[in-house]
Amino acid sequence: MPGVRSRVRVRPGRGGLGLGVATLYMSVIVLIPLAAVAAKAFGQGLGALWSSITSSVALTALGVTLASSLLVAAIGAVMGTLVAWVLVRDRFPGKRFVNALIDLPFALPTIVAGLTLIALYGPQSPVGIHLAYARAGVLLALLFVTLPFVVRAVQPVLIELDPEAEEAASSLGASSFTTFRRIVLPALRPAIISGTALAFARAIGEYGAVVLLAGKVQIASLVIYNDIESGTPEGAASLSIMLLAVSLLVLVLLRRIGGRGAT
Amino acid sequence: MNRGLRLGRALPNLKRAGALSCSLLVGGAVLAACGGSSDTSGSGGSSSSTSGGGTQLSLVAYSTPKKAYDALTAAYEQTSQGKGISFSQSFGPSGAQSRAVASGQPADVVAFSTEPDISRLVKAGMVASGWDANSYQGVPSDSVVVFVVRKGNPKHITGWDDLIKPGVDVVTPNPSTSGSARWNILAGYGAQLKEGKTPAQALAYLRTLLTKNVSVQPSSASSALQTFTGGKGDVLLDYESDAIAAKKAGDAIDYILPKQTLLIQTPIAVTSNGSHKSQAAAFVQWLYTPAAQTIWAKEGYRPVVQSVASQFSSQFPTPPELFTISSLGGWSKIDKTFFDKSNGTITKIEQAAGVPTVSS
């Protein structure tokens, strides 16, 4: 009909060009490289793959990396929530500056983070703390790079949180701790879980921040890189597949715990 | 716009399938275009000299000789056969560099730390098998394994037995990637044999050293030196040439020439699949001339040509109990027994010590 502009209605689920572009992007960037790694790992035969995965080096690396990443994620969950709480609910001079600082681990190249930590906690530490070349140093490096994840996941939820429920609780006589535990924390839970999952994923794959500090600590990404450098790409592919499978499992579990709210 | 939408609404599945297959076709084309790039990089840095025009030779070398090759290439470009030649250089751990060239990294001249790193390329058909047929067995300069210590040698390190004393922290690279690491380990082994120990006792020495006294094993000699100068460790096992260069550069270190040590013979070869074979061969031959040998000596490398070596004998004292790789059995035997990826004795010791070797 003349004079009537037909509206283009966006109907969800129609696909078309959007689906095609998204599929292409996901394939090129993620799926095809993953398939290549899997092909390399399985291409050596299941027997060789199994012996590679169950070798002591691979198992130790997996164990150490998993334990460190879980610990870092757990610490990050608690401390990240605390930092987010302070940034949203408290007022103090320099708050904007501190808020911007949270993004520093994103902006800094990871190798620079490693260099900084070596300078600060290495053998020539100006503060007399020597944590490099040991587990503690690796944990510090991982805590540094995973800091923003939980904070930035929790902050927006905290900002949006309706103070009415908290006010009602305190007017009914609940202590601030009970209010936090029964009202705020459940509301924050999906965001905390989501941020923790990201922090875990980042910690398990970190290379640049730990390569200078690790010494003899067996971190999976370093073992994989060493495999490639010393001419054993199949070993690298095997360990990579194991790492991928285990991290996928942990992430799925975390999402389950996160419940409906986690995206 | 209306017509298109109407068509889309009328044949939704077709439109979706068409868009999907179009995207996948484009994706396939993009991947095929990207598939040609096989430029694997060594883990070292690269540098190019600034001569314009003419031929560019690519030199792939182990991690420490950058200053020496900068001086040598600069001098070569002043000679008559070197006019118009420029060099692009890549430095990194010898094992990793060798594997990179075997995987396709372009190289005209390869200068590695150990002979097996060149043999790998001979096996891959990239270096002719007569590469070591000259009177110097393909080695243009020598060095020895030394102990690099803090200035003033506060821990009084004099010999190999001091390295396994409790409380002595030793830095040495990882033998799965670094050539220097292998020279260091074999020097320790041979030193024990020279002291009259049996091979089993010598291996036990290495086990103690690598498990108890070595706390970090970086991937290359140059990163080991950086780790040491960054404050880690009491002793660094390294090339004499690297120690001399570091001292010249002002690092607060000294180096000790132990009584028993291994002669480091670093080979060089021309690749047979490079595009400038004759120019590369001319450069390699020039490295044995007295002019080049003098530059090697000035950079801290032991010259192989006797006439030049005798001029610098005071700078390069011969250790009283110097031994060579052939006295230990030769590289092919040693590479297999000690450093084989799954069964090598050193590989097993390193794994037990918790150092990343290989995970398969």
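Residues numbered from 1 in each chain as written. Chains lettered and ligands numbered in written order. Predicted model: local features only at pLDDT ≥ 70, side-chain atom pairs only at ≥ 80, totals over all residues.

**Overview of the overall build of chain A**
Secondary structure summary: chain A contains 12 helices and 0 strands in total. The secondary structure elements of chain A, listed N-terminal to C-terminal, are α-α-α-α-α-α-α-α-α-α-α-α. Computed over the C-alpha atoms, the radius of gyration of chain A is 23 Å, more than 25% above the 18 Å expected from 2.2 N^0.38 for a compact globule of 263 residues. In terms of overall dimensions, chain A has a C-alpha envelope of 70 × 65 × 30 Å along the principal axes. Here chain A holds 263 residues, and 35% of them are scored as buried. (Helix = DSSP H or I, 4+ residues; strand = E, 2+ residues; numbered from the N terminus. Rg over C-alpha atoms; globule rule 2.2 N^0.38 Å. Buried ≥ 20, exposed ≤ 12 C-beta atoms within 10 Å, placed from the backbone.)

**What about helix α4 (residues 94-102) of chain B?**
Residues and elements named next belong to chain B. Counted residue by residue, α4 has 8 buried out of 9 residues, so it is predominantly covered. What α4 keeps buried is the set Ser94, Gly95, Ala96, Gln97, Ser98, Arg99, Ala100 and Val101. Within two residues after α4, Gly104 carries a phi angle of roughly 125°, on the positive side.

**With respect to the packing of helix α7 (residues 179-194) of chain B against helix α8 (residues 199-213) of chain B**
If you want to describe how two helices pack, look at the angle between their axes and the distance between the axes. Residues and elements named next belong to chain B. Two elements in contact, α7 and α8, have axes separated by 9 Å at closest approach and are oriented at 135°. Judged by the inter-axis angle, α7 sits oblique to α8. Viewed along their axes, α7 and α8 form a crossing whose handedness is right-handed. Of α8, the residues touching α7 (which contributes Ile185, Gly188, Tyr189, Gln192 and Leu193) are Pro199, Gln201, Ala202, Tyr205, Leu206 and Leu209. The class makeup of the residues in the contact of α7 with α8 is 8 nonpolar, 3 polar and no charged. (Axes fitted to C-alpha atoms, helices over the stretch in contact; angles between N-to-C directions. Parallel < 35°, antiparallel > 145°, perpendicular 65-115°, else oblique. Left-handed = near helix turned anticlockwise from the far one by under 90°. Contact = placed C-beta atoms within 7 Å. Nonpolar A, V, L, I, M, F, W, Y, C, P; charged D, E, K, R; others polar.)

**So, the nonpolar core**
Core analysis: the biggest nonpolar cluster contains 104 residues, and A:Val138, A:Ala141, A:Val154, A:Leu213, A:Leu239, B:Val148 and B:Val235 have the highest contact counts within it. In terms of residue count, the dominant contributor to this core is helix α7 (residues 135-160) of chain A (14 residues). Leaving out residues up to four positions away in the same chain, B:Val148 has contacts with B:Phe228, B:Val235, B:Leu236, B:Asp238, B:Ala243, B:Ile253 and B:Tyr255. Membership of the second largest hydrophobic core comes to 36 residues, among which are B:Tyr69, B:Ile85, B:Val110 and B:Ile295. (Core = buried A, V, L, I, M, F, W, Y, C linked by C-beta atoms within 7 Å.)

**Observations regarding the domain arrangement of chain B**
Residues and elements named next belong to chain B. Annotation of chain B at the domain level lists domain 1 (46-139 + 267-288) and domain 2 (143-263 + 319-352). On the side of domain 2, 17 residues touch domain 1, which itself brings 15 residues to the contact. Contributions of two or more residues to the side of domain 1 that touches domain 2 are made by α4 and α5 (115-123). For the side of domain 1 that touches domain 2, the residue count by class is 5 nonpolar, 7 polar and 3 charged. (Domains from an automatic or database assignment.)

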